[in-house]
Amino acid sequence: MSSKKASLPKTIFFSDELNEEFSTAQIEAITIDENYKYGTNSFAFKFIRFFYYRIFALPVAYIYLKLHWGHRIIGRNKIKPFQKNSFFLFANHTNSMADALIPTFVSYPKHAFVIVHAANVSIPGLGQSTKYLGAIPLPGNIRATKNFLETIKLRVQTKKSITIYPEAHIWPYYTKIRPFTDLSFRYPVQYDKPVFSFTNTYQKRAWRKTPRIVTYIDGPFFADKTLSAKEQREDLRNKVYNAMCERSKNNNVEIIHYVKKENP
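Scoring rules and cut-offs
Residues numbered from 1 in each chain as written. Predicted model: local features only at pLDDT ≥ 70, side-chain atom pairs only at ≥ 80, totals over all residues. Heavy atoms only, no water. Phe/Tyr/Trp six-rings, centres within 6.5 Å; stacked < 30°, edge-to-face > 60°. Helix = DSSP H or I, 4+ residues; strand = E, 2+ residues; numbered from the N terminus. Buried < 20%, exposed > 50% of the residue type's maximum accessible area, 1.4 Å probe, protein only. Core = buried A, V, L, I, M, F, W, Y, C linked by side-chain atoms within 4.5 Å. Contact = heavy atoms within 4.5 Å. Pairing = 2+ DSSP bridges. 1 Å grid on protein atoms, 1.4 Å probe; cavity = no way out; pocket = protein on both sides within 12 Å on 5 of 7 lines; lining within 4 Å. Points joined across faces, edges and corners; volume = space filled by probe spheres on them. Nonpolar A, V, L, I, M, F, W, Y, C, P; charged D, E, K, R; others polar. Axes fitted to C-alpha atoms, helices over the stretch in contact; angles between N-to-C directions. Patch = residues over 30% accessible without salt bridge, like charges linked within 9 Å, V, L, I, M, F, W, Y side chains within 5 Å. Areas by Shrake-Rupley, 256 points an atom, 1.4 Å probe, with all protein chains shown as cover. Salt bridge = Lys/Arg side-chain N within 4 Å of Asp/Glu carboxyl O. Polar contact = N/O pair within 3.5 Å; in protein donor to acceptor, adjacent residues only side chain to side chain.

A separate point is the packing of aromatic side chains. Under the definition given, this model contains 24 aromatic pairs. An angle of 50 degrees between the planes, with centres 6.2 Å apart, marks the rings of W69 and Y173 as tilted. Taken together, the positions of W69 in helix 1 (residues 43-69) and Y173 in the loop between strand 8 (161-164) and helix 4 (186-191) put the pair 104 residues apart, joining distant regions of the chain. On the accessibility criterion, Y173 (16% relative accessible area) is buried.

Below, the structure is given as structure tokens:
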């Protein structure tokens, strides 16, 4: 298994907002099959997770986000009334490291879980330990799907937060919101749970070249039970997308210029 990192260009040309990937991390992803262990709610799992998540990862993540990115969250008060229940978070996907850490602080003090690509649990040196940090990798085959869905159900039942990046692919420092489907909104519709969006923006700092990441939280959004299941997914998707598009206007730094290729 190999992992390497390429440098970022100043301009990126794209043609497909839904499917193109521009992450600099090149990781050979493992296959998430029926043998992959997602983690349970056992005492042993919770004990190990407490050590990894609360004792180690949380303080390191806090220091990194504050010192490197000057991270701020605006709107956490919107989530506070729902801390005794589970909820779903949807966010834009523009930073491989920060995107892995920010859900922890958006959800805090609730434990956060994040649905991720298999590459995120294939990082050399971390391996299976990432599941203790909250990673829920997407299944790689039909037989693994049952375990994946059971894990989502378990985290909902145990009143955790679940973060989804509906854009699916990382576009580093992108300052707009890419179109995304409503497929991942099936979970809040199925479990009748509130939805929040959080939008990460890049903003100028007076004395630092590195921009500040400011995260805006919007919601709660609820499924409209007068609609069909499909219409509920579409409605939730549109509410989240519109909120994220509005918040993206707060970006005032463009590190990478994205240009759409002209059709031949």
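Moving on, we get to the nonpolar core. Membership of the largest hydrophobic core comes to 59 residues, with the highest contact counts inside it found for F88, I115, I152, F198, V240 and Y258. Residues within four places of F198 in sequence aside, it is in contact with L89, F90, A91, N92, I102, P103, V106, T163, Y165, T215, Y216 and I217.

Time to look at the pairing of strand 9 (residues 195-203). Judged by how many residues are buried, strand 9 sits mostly within the fold: 9 of 9 residues are covered. Neither face of strand 9 is open: one carries V195, S197, T199, T201 and Q203, the other F196, F198, N200 and Y202, and all of them are buried. Here strand 5 (residues 87-91) runs beside strand 9; their pairing, made up of 4 bridges, is parallel. Bridged to A91 within strand 9 is F198.

Once rolled over the atoms, a probe with the size of a water molecule shows which space is left empty. Quantified by volume, the second largest pocket comes out at close to 180 Å³. In this structure, the second largest pocket is lined by E34, Y36, K37, Y38, G39, T40, N147, E150, T151 and L154. Residues that form the lining of the second largest pocket fall into these classes: 3 nonpolar, 4 polar and 3 charged.

This part takes up the sheet that holds strand 5. Judged by pairing direction, the sheet is mixed, and its 7 strands sit side by side in the order 4-10-9-5-8-6-7 without closing on themselves. Of all strands in the sheet, those bounded by a partner on one side alone are strand 4 (72-74) and strand 7 (135-137). In this sheet, adjacent strand axes meet at a mean angle of 25 degrees when their direction is disregarded. Bridging between strand 6 (residues 112-116) and strand 7 involves 3 bridges; their strand directions are parallel. Along strand 7, the bridge assignment pairs V114 with A135.

On the surface, F50, F51, I55, F56 and V60 cluster together into a nonpolar patch covering about 520 Å² of accessible area. Secondary-structure assignment places I55 in helix 1. With relative accessibility at 48%, the residue I55 sits in the partly exposed group.

Another aspect to go through is the environment of Y258. Among the secondary structure elements, Y258 is positioned in strand 11 (residues 257-260). Expressed as a C-alpha distance, the spacing of Y258 and T11, which sit 247 residues apart in the sequence, is 5.8 Å. If sequence neighbours within four positions are ignored, Y258 has contacts with I12, F14, F22, W171, P172 and Y174. One polar contact links the side chain of Y258 to the main-chain carbonyl oxygen of P172, over a distance of 2.6 Å.

Residue placement: L89 occurs in strand 5. You can call L89 buried: its relative accessible area is 0%. Along the primary structure L89 and T31 are separated by 58 residues, whereas in three dimensions their C-alpha atoms are 26 Å apart. Beyond its immediate chain neighbours, meaning those up to four positions away, L89 contacts I79, V106, S107, S161, I162, T163, I164, F196 and F198.

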